Amino acid sequence: MDAMTKSDRLKICIYGAGAVGGTMGVLLALAGAEVSVIAHDATLAAIKHDGLQLTKDGKTHRVQVRVTADPAELAPQDYVIISVKAPSLADVASHIAPLLSPGTGVITAMNGVPWWFFVGGNGVLSNTRLAAVDPHGIVEKSIPLAQTVGCVVYMACSLDAPGKVRHYSGNKLVIGYADNKSVSGLSDINDMFNSAGFSSRVTTTIRHDIWHKLWGNLSINPISMLTGETSDIIINDPLLYELCLRMMREAEVLGDAIGIPMDASTTEVIGRARTLGAFKTSMLQDTEAGKPVELDALLTVAHDIGKILDLPTPFIDSVLGLARLRARKLGLLDTAA
Ligand SMILES: NC(=O)C1=CN([C@@H]2O[C@H](COP(=O)(O)OP(=O)(O)OC[C@H]3O[C@@H](n4cnc5c(N)ncnc54)[C@H](OP(=O)(O)O)[C@@H]3O)[C@@H](O)[C@H]2O)C=CC1
Ligand SMILES: CC(C)(CO)C(=O)C(=O)O
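Parameters and conventions
Residues numbered from 1 in each chain as written. Chains lettered and ligands numbered in written order. Predicted model: local features only at pLDDT ≥ 70, side-chain atom pairs only at ≥ 80, totals over all residues. Heavy atoms only, no water. Helix = DSSP H or I, 4+ residues; strand = E, 2+ residues; numbered from the N terminus. Rg over C-alpha atoms; globule rule 2.2 N^0.38 Å. Buried < 20%, exposed > 50% of the residue type's maximum accessible area, 1.4 Å probe, protein only. Contact = heavy atoms within 4.5 Å. Areas by Shrake-Rupley, 256 points an atom, 1.4 Å probe, with all protein chains shown as cover. Lys, Arg positive; Asp, Glu negative; His and termini not counted. Charge placed at Lys NZ, Arg CZ, Asp CG, Glu CD. Near = heavy atom within 4 Å. Polar contact = N/O pair within 3.5 Å; in protein donor to acceptor, adjacent residues only side chain to side chain. Nonpolar A, V, L, I, M, F, W, Y, C, P; charged D, E, K, R; others polar. Expected span 1.5 Å × (residues − 1). Phe/Tyr/Trp six-rings, centres within 6.5 Å; stacked < 30°, edge-to-face > 60°. 1 Å grid on protein atoms, 1.4 Å probe; cavity = no way out; pocket = protein on both sides within 12 Å on 5 of 7 lines; lining within 4 Å. Points joined across faces, edges and corners; volume = space filled by probe spheres on them. Pairing = 2+ DSSP bridges. Right-handed = clockwise from strand over helix to strand, strands pointing away.

1. Re the overall build of the chain
Each helix and strand in the chain was counted, giving 12 helices and 10 strands. The C-alpha atoms of the chain give a radius of gyration of 19 Å, which matches the 20 Å a tight globule of 337 residues would have. A principal-axis box enclosing the C-alpha atoms of the chain has dimensions of 50 × 40 × 35 Å. In the chain, which comprises 337 residues, the proportion classed as buried is 53%. Within the chain, contacts between residues separated by at least 24 positions form 72% of all contacts whose residues are at least 6 apart in sequence. Accessible surface for the chain amounts to roughly 13,900 Å². Of this, 53% is attributable to carbon and sulfur atoms. With 29 positive and 34 negative side-chain charges, the chain shows a separation of 4 Å between the mean positions of the two kinds.

2. A word on the site of ligand 2
Taken together, the residues surrounding ligand 2 are Asn111, Met155, Lys213, Asn217, Asn221, Leu276, Phe279, Thr281 and Ser282. One nitrogen or oxygen atom from the side chain of Asn111 is found 2.9 Å from an oxygen atom belonging to ligand 2. Within the side chain of Asn217, an N or O atom sits 3.0 Å from an oxygen atom of ligand 2. In isolation ligand 2 offers 290 Å² of accessible surface; the protein chains occlude 87% of this area. Tallying contributions element by element places helix H6 (residues 206–227) first for the shell around ligand 2, with 3 residues. Residue classes in the shell around ligand 2 are distributed as 3 nonpolar, 5 polar and 1 charged.

3. Description of helix H8 (residues 238–257)
At 3.6 residues per turn, the α-helix brings residues three or four places apart onto the same side. For H8, which comprises 20 residues, the first-to-last C-alpha distance of 29 Å matches the rise-based estimate of 28 Å (1.5 Å per residue) to within 8%. Within the span of H8, buried status applies to Cys244, Leu245, Met247, Met248, Glu250, Ala251, Leu254 and Gly255. Where H8 starts, the residue carrying a side-chain oxygen 3.0 Å from the main-chain nitrogen of Leu239 turns out to be Asp237. With its phi angle positive at about 85°, Gly259 sits one or two positions after the end of H8.

4. Section: helix H11 (residues 295–309)
Taking 1.5 Å of rise per residue, the 15 residues of H11 would be expected to cover 21 Å, and the 20 Å separating its terminal C-alpha atoms lies within 8% of that figure. Counting buried positions over the 15 residues of H11 gives 11, a clear majority of the element. Every buried residue of H11 is accounted for by Leu295, Asp296, Ala297, Leu298, Leu299, Thr300, Val301, Ala302, His303, Ile305 and Gly306. For H11, the elements touching its buried residues are H6, H8, helix H10 (282–289) and helix H12 (314–330).

5. Concerning the packing of aromatic side chains
This structure, assessed with the given rule, holds 5 aromatic pairs. Taking the centre distance of 6.0 Å and the plane angle of 25° together, the rings of Phe117 and Trp211 count as stacked. Here Phe117 is found in the loop between strand S7 (105–109) and helix H4 (138–142), whereas its partner Trp211 is found in helix H6, with 94 residues between them in sequence. Pair check on accessibility: Phe117 and Trp211 agree, each one buried.

6. Details of empty space enclosed by the protein
According to the stated counting rule, one finds 1 cavity of 30 Å³ or more in the structure shown. What the largest cavity holds in volume is close to 40 Å³. Lining of the largest cavity is provided by Met110, Asn111, Gly112, Val152, Val153, Ile210, Lys213 and Leu214. The set of elements that each furnish at least two residues to the lining of the largest cavity consists of strand S8 (148–161) and H6. Ranked by residues supplied to the lining of the largest cavity, first place goes to H6 with 3 residues. Residues that form the lining of the largest cavity fall into these classes: 5 nonpolar, 2 polar and 1 charged.

7. Quick word on the pairing of strand S9 (residues 164–177)
Looking along a regular strand, one sees side chains alternate from face to face of the sheet. Of the strand pairs in this sheet, strand S3 (residues 52–56) and S9 are connected by 3 bridges, and their pairing is parallel. Bridge pairing in S9 places Gln53 opposite Lys164. As paired strands, S8 and S9 are joined by 11 bridges and run antiparallel to one another. If you follow Val153 over to S9, its bridge partner there is Leu173. The turn joining S8 and S9, which pair antiparallel and follow one another in sequence, is formed by 2 residues; a positive phi near 80° is taken by Gly163. Pairing of S9 with strand S10 (residues 199–202) involves 4 bridges; the strand directions are parallel. Its bridge partner lying in S10, Leu173 is registered against Ser200. A crossover links S9 with its parallel partner S10, the connecting element being helix H5 (residues 187–195), and its sense is right-handed.

Written as structure tokens, this is what we have:
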């Protein structure tokens, strides 16, 4: 199966039906895609029993989808959307093979810096491998770069219960091949996303979009974990607002060095986060649920990039140090940190 011979009705497998994957799965199924889900534990049981449920704009939608814990039970897909938290990615990668044919697009609908960020790229860190996000190289080995599609998700959603998700705000998606291939190969999934109610666009410079979204996540998410506060309270606190700005400015310097200059100011980016209102970041949701947090993909990577380039990141490092100890104390440290 290649881009020219994808199914008439797109076969899309959601690997990880939590807040983001569940929202995408329901909306894509309602729009006519052939959606299947890889889930485990309570989520598998809930979707088998009740279907996948989304509450959005005051309405609750429920779709019956094929669900299994075993990818070998499903045929190769047109697209696999991986929407797990970063600490689960290596496990997903090591089981994904049955879902892939040479034409399958593997879309990572995840925050943070992905394993392929510098692979095959140009620039000062070209072909640098980020141990913080793929310490044993399992992900790179399992998901061919030419089939990998980055996806930046501008959405706020959460899990009410296994298999039951809630959407709060945002519908913007940006997708692009990791190897910067032309946009035409992604027009089918882009159209599908748009007909499902997302505002999706394809780019040939997905690394820029990933880095830009990271600004908000690398600052607000760990601070929310440390304080237990929603994004509005953090942004409205003058000292924490200043801390977010300083972390973002450090990321801006790293971005300039790796060839990804910002096209917005730190205050503009924080202003956008403000529009989410009183939202619990995904890292705070994980902390409260006792799940491993995405410190490595959001923060350790920035610290590591600073070290490699010999650029100081004192505010990023301090928050990372605090967040790491807090996560360790709570038993939520992901494996690589
Ligand atoms: N929530 C949000 O508003 C936003 C989140 N993001 C990003 O999107 C990504 C996904 O986040 P989110 O949806 O919040 O995460 P969730 O924790 O809500 O969902 C992840 C889901 O994946 C499941 N899962 C994990 N490992 C496996 C596995 N091996 N097989 C099957 N299922 C698995 C989890 O199940 P279990 O918990 O039972 O292991 C869970 O249901 C993250 O990178 C996050 O930072 C981006 C924008 C907004
Ligand atoms: C919704 C948002 C933007 C909040 O920082 C997010 O990406 C997250 O919670 O991880």
